[in-house]
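# Coordinate analysis (summary)
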Amino acid sequence: MRDVAREAGVSIATVSRVVNGVDAVAESTRRRVLEAIRRLNYSPNLVAKSLVHRGTRNVALFVPDIMNPFFPAIARGVADAVASEGYTVVLCNTDDSTEPGPHFERLLRGNFVDGAILCGTAWDAAPLSELIPADLPVVVMDRRVPGLRADSVEIDNRLGGLMATRHLLDVGCRRILHLGGPVGVSTAEGRLAGYLEALCSGAADERDAAEADSDLITRGPFRAESGYSRTRAALESGLSFDGIFAANDLLALGALQALRQFGRRVPEDVAVIGFDDIYMAALALPPLSTVAQPTYRLGTIAGRMLMDRLDRSASPAQPPAHPQPEPKRVVLEPSLRIRESTRRERVQGSEEE
Ligand code: RIB
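To start, this report covers the structure provided alongside it. (Residues numbered from 1 in each chain as written. Predicted model: local features only at pLDDT ≥ 70, side-chain atom pairs only at ≥ 80, totals over all residues. Heavy atoms only, no water.)

## Some words on the side chain of threonine 231
What counts is decided by this rule: Helix and strand definitions here come from DSSP, where helices need a minimum of 4 consecutive H or I residues and strands a minimum of 2 consecutive E residues; each element is numbered from the N-terminal end. Buried residues are those whose accessible area, probed at 1.4 Å on protein chains only, stays under 20% of the maximum for their type, while exposed residues exceed 50% and partly exposed ones sit between those limits. For the purposes of these results, a polar contact is taken to be a pair of N or O atoms within 3.5 Å, where, inside protein, one atom must be able to donate a hydrogen and its partner to accept one; residues adjacent in sequence count only when each atom of the pair is a side-chain atom. Whether two residues are in contact is decided by their heavy atoms: any pair within 4.5 Å suffices.
Positionally, threonine 231 belongs in helix H11 (residues 224–236). Of the residues examined, threonine 231 reaches a relative accessible area of 0% and is grouped as buried. A polar atom in the side chain of threonine 231 sits 2.6 Å from the backbone oxygen of glycine 227. Ignoring any residue separated from it by four or fewer positions in sequence, one finds threonine 231 in contact with Leu179, Ile244, Ala255, Ala258 and Leu259.

As structure tokens, this is what we get:
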């Protein structure tokens, strides 16, 4: 670092700030330091850094279902954001557990990681607050954990549900089956609230009485098999519906398979829309319309939030007595991706792919 500082004509502290991604460095100085780093082929010694910081340089990322492509897309964003600060992600699959198990406790209390991101976990605040060491920063993303004091980033799920359902109404659907997510999970509840709002709002009345019927609402796990079996059960029971709003893309993919087996044409007989925009949505037959989440961005924001907290707890300028700032909450907007599974007629005001 001394050599880099000399080469760039700056102090060692400035080199350290650039290497650690701290913002308070003028752009021209940052560029000079990076150029010197490149010329001298300098690579920060992470082991030495961890000795100085007494940290592990690992952060844990908890996800509920690693088989759902939504979560690897998030993990990529997190990994990129923390890698630029010399951190590595330890990925932990909770398998949709309803409470943090011994694995969680071991990892967080055993000094294996410097911080954690809880993504899509459906755990209550009380056991979490007891298990998370007071000085270990935690960020919550995707699903909310009411009562937990932590930075958080999510999308507006109610708005997403509203957009999906309004789109189905726009293409002429009047009885929309909702394949909802698990009861009590904030993302599932938000999407259902948006669905009901679209059906119950005055706008829906004008579109000659679309029906909000409790028989049309089903709840269950966010998995393809569940979308398949629930759609199949609805078809077998003779329930009439001409649209499906699935609370995630995996549910929608399962629904497409059941509709195909029952000889229902998509979108002519039943228009189908999902949620997330996982890479498989565009590959489905027919390609699946969906509400897209800015997955990579969600990941980078969560990673950045965690790095900011870690910077503060490590910075000598912020003695431990200095209170951490209030938790931040970031809410991003989803967007509509229209593909063949709902393309019945020209739709106004929607984003076409
Ligand atoms: O946990 C499953 C779902 O919740 C994902 O598919 C995504 O929609 C997330 O918000």
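## A look at the site of the ligand
Note the cut-off: Here, proximity means that at least one heavy atom of the residue falls within 4 Å of the molecule or strand. In these tables, accessible area is a Shrake-Rupley quantity obtained with a 1.4 Å probe, and a residue counts as shielded only by the protein chains included in the view. Under this grouping Gly is polar, as are all residues other than the nonpolar Ala, Val, Leu, Ile, Met, Phe, Trp, Tyr, Cys and Pro and the charged Asp, Glu, Lys and Arg.
Around the ligand, the neighbouring residues are Asn68, Phe70, Phe71, Asp142, Arg143, Thr187, Arg191, Phe222, Asn248, Asp276 and Gln293. For the ligand, an oxygen atom lies 2.7 Å from a polar atom in the side chain of arginine 191. About the coverage of the ligand: the protein hides 98% of its 270 Å² of free accessible area. Those elements giving two or more residues to the shell around the ligand turn out to be helix H5 (70–83) and helix H9 (186–200). Along the lines of polarity and charge, the residues of the shell around the ligand split into three nonpolar, four polar and four charged.

## A look at the environment of glycine 160
Mapped onto the elements, glycine 160 comes out in helix H8 (residues 157–170). Placed 174 residues apart in sequence, glycine 160 and proline 334 show a C-alpha to C-alpha distance of 5.9 Å.

## With respect to the packing of aromatic side chains
Short version of the rule: Aromatic contacts are taken between Phe, Tyr and Trp rings whose centres are within 6.5 Å, Trp giving its six-membered ring; a plane angle under 30 degrees counts as stacked, one over 60 as edge-to-face, and the others as tilted. By definition, being over a ring means that NZ of Lys or CZ of Arg is both within 6 Å of the ring centre and within 35 degrees of the ring normal.
Under the definition given, this model contains five aromatic pairs. Centre to centre, the rings of phenylalanine 62 and tryptophan 123 are 6.0 Å apart; their planes meet at 70°, and the pair counts as edge-to-face. Here tryptophan 123 lies in the loop between strand S3 (115–119) and helix H7 (125–131) and phenylalanine 62 lies in strand S1 (residues 58–63), a separation of 61 residues in the sequence. Assessed through its relative accessible area of 4%, tryptophan 123 is described here as buried. Ring plane angle 40° and centroid distance 6.5 Å describe the contact between phenylalanine 245 and phenylalanine 275, whose orientation is recorded as tilted. Of this pair, phenylalanine 245 sits in strand S8 (residues 243–246) while phenylalanine 275 sits in strand S9 (residues 271–276), placing them 30 residues apart in sequence. Accessibility classification places phenylalanine 245 together with phenylalanine 275 in one group, the buried group. Joined through ring pairs, the aromatic side chains of Phe62, Phe104 and Trp123 make up one cluster. Over the aromatic face of phenylalanine 275 sits the side chain of arginine 191, whose NZ or CZ is 3.9 Å from the ring centroid.

## What to know about the packing of helix H2 (residues 12–19) against helix H3 (residues 27–40)
In plain terms, the rule: Every axis in this analysis is a line fitted to C-alpha atoms, fitted for helices over the stretch in contact. Angles between the N-to-C directions lie between 0 and 180 degrees. Here the angle decides the label: under 35 degrees means roughly parallel, over 145 means roughly antiparallel, 65 to 115 means roughly perpendicular, and every other value means oblique.
Viewed as axis vectors pointing N to C, H2 and H3 meet at an angle of 90°, and their least axial separation amounts to 10 Å. What the angle tells us is that H2 and H3 run roughly perpendicular. Counting all contacts with H2, which are made through Thr14, Val15, Val18 and Val19, the residues of H3 involved are Thr29, Arg30, Val33, Leu34 and Ile37. Grouping the constituent residues of the contact of H2 with H3 by class yields six nonpolar, two polar and one charged.

## What to know about H2
Because the α-helix completes a turn every 3.6 residues, residues three or four places apart line up on one side. How we decide: To be clear, the arc concerns the directions from the helix axis to the C-beta atoms.
Turning to H2, its buried residues number three or more, namely Thr14, Val15, Val18 and Val19. For H2, the angular spread of the buried residues around the axis is 135°, confining them to a single face.

## Notes on H9
Basically, it comes down to this: Given a helix with a known number of residues, its expected span is that number minus one, times 1.5 Å.
With 15 residues, H9 should reach 21 Å at 1.5 Å per residue; the first-to-last C-alpha distance of 21 Å fits that figure. Buried within H9 are the following residues: Ser186, Thr187, Ala188, Gly190, Arg191, Leu192, Gly194, Tyr195, Ala198 and Leu199.

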